[in-house]
Amino acid sequence: MAFGLIIIGDEILSGRRIDKHFPKVLELLSERGLQLGWAEYVGDEPERITATLKRTLSSGDIVFCTGGIGATPDDHTRQCVAAALGVPLALHPEAREKIRERIADMSRETGIEPDYNAPENLHRLKMGEFPQGASIIPNPYNKIPGFSVRNTSGEGAHYFAPGFPVMAWPMFEWVLESNYADLFHRRAWAERSMLVFESAESTLTPLMELIEAQFPLVKVFSLPHVGDEKTRRHIDLGVKGDPQQVEPAFEKMQEGLRQLKAEFQLNN
């Protein structure tokens, strides 16, 4: 089981909007001792959204999805989830009540009585049409809920929220706190790294392979940097994983670099 993120919307892929969900979801997870396993960006193309969801729904992962759950012509996510699951859309009774509450709130703000049968309000109810069997996710911003579905694998679930950060972020936080508190800080994790100057990755590869072989609960990472006006060419080299193995692995890495006569500087 891994945590995944799907961000849906042409506006992200075209650059009209800059994605803010990825760093926020990383933050929400890391605060709870969790990690993001994968992320995907998908445009507003129903066939591609459906194909993506069929694949991810067959996994056992916990997946957060943003975007496309409204009721305008460019919103396809609700329909694509239903297609991927092979079930119809249906007006969720709790979603219906929440949307009607929102309609009443907006009417009070303008000083008029709510007309639930007005065409625009009947159209708003479409935002409560979710795949049959879905559960709602409360929206503290404007009451119009998101929804969740269980994966077809029998393990894990997908959680769908609007593309607006002011709505999606508290909704995802609610999902974590309400459903996955038992996973928080279950896995101890540590990371150490250093900058290795003017060395080639090919020269360091045997050392990295040796460390991963000797410390099976640790992963080695290597991030080259071509250098700029502030720093010389270097590699951000380090280890991450089980805290009991990270420290000795990091010491072994430093020892190996000294044997290679490589210049390095520890990161804070």
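Residues numbered from 1 in each chain as written. Predicted model: local features only at pLDDT ≥ 70, side-chain atom pairs only at ≥ 80, totals over all residues. Heavy atoms only, no water.

**Q** Can you walk me through the overall build of the chain in this structure?
**A** A count of helical and extended segments in the chain gives nine helices and 12 strands. Taking 18 Å as the expected radius of gyration for a compact globule of 268 residues, we find that the chain reaches 24 Å, considerably beyond that expectation. A principal-axis box enclosing the C-alpha atoms of the chain has dimensions of 80 × 45 × 35 Å. Buried residues in the chain amount to 44% of all 268 residues. Intrachain contacts of the chain at a sequence separation of at least 6 include 69% that bridge at least 24 residues. Summed over all atoms, the accessible surface of the chain reaches about 14,400 Å², with 51% contributed by carbon and sulfur. Positive and negative side-chain charges in the chain, numbering 29 and 38 respectively, have mean positions lying 1 Å apart. (Helix = DSSP H or I, 4+ residues; strand = E, 2+ residues; numbered from the N terminus. Rg over C-alpha atoms; globule rule 2.2 N^0.38 Å. Buried < 20%, exposed > 50% of the residue type's maximum accessible area, 1.4 Å probe, protein only. Contact = heavy atoms within 4.5 Å. Areas by Shrake-Rupley, 256 points an atom, 1.4 Å probe, with all protein chains shown as cover. Lys, Arg positive; Asp, Glu negative; His and termini not counted. Charge placed at Lys NZ, Arg CZ, Asp CG, Glu CD.)

**Q** Please clarify how the packing of aromatic side chains should be interpreted in this entry.
**A** Per the counting criterion, the structure on display carries seven aromatic pairs. Ring geometry for Phe 3 against Tyr 180: centres 6.1 Å apart, planes inclined by 85 degrees, an arrangement best described as edge-to-face. Separated by 177 residues along the polypeptide, Phe 3 in strand β1 (residues 3–8) and Tyr 180 in the loop between α7 (165–179) and β9 (190–197) bring together distant segments of the chain. The class of Tyr 180 is buried, set by a relative accessible area of 9%. Pairing Phe 147 with Phe 160 gives two aromatic rings, centres 4.7 Å apart and planes at 10 degrees, and the pair type is stacked. Of this pair, Phe 147 sits in strand β7 (residues 146–150) while Phe 160 sits in strand β8 (residues 157–161); the two residues are 13 residues apart in sequence, bridging distant segments of the chain. (Phe/Tyr/Trp six-rings, centres within 6.5 Å; stacked < 30°, edge-to-face > 60°.)

**Q** Explain the pairing of strand β3 (residues 62–66) to me, please; I cannot follow it from the model alone.
**A** The side chains of a regular strand alternate between the sheet's two faces. Where burial is concerned, most of β3 is hidden: five out of the five residues are buried. Every second residue of β3 is oriented toward a common face, with Ile 62, Phe 64 and Thr 66 on one face and Val 63 and Cys 65 on the other, all of them buried. Bridge count between β1 and β3: five bridges; the pairing is parallel. Across the sheet, residue Ile 6 finds its bridge partner in β3, namely Cys 65. Summarising the sheet, β3 and β8 pair through five bridges and their orientation is parallel. Within the sheet, the bridge partner assigned to Thr 66 lies in β8 and is Ala 161. (Pairing = 2+ DSSP bridges.)

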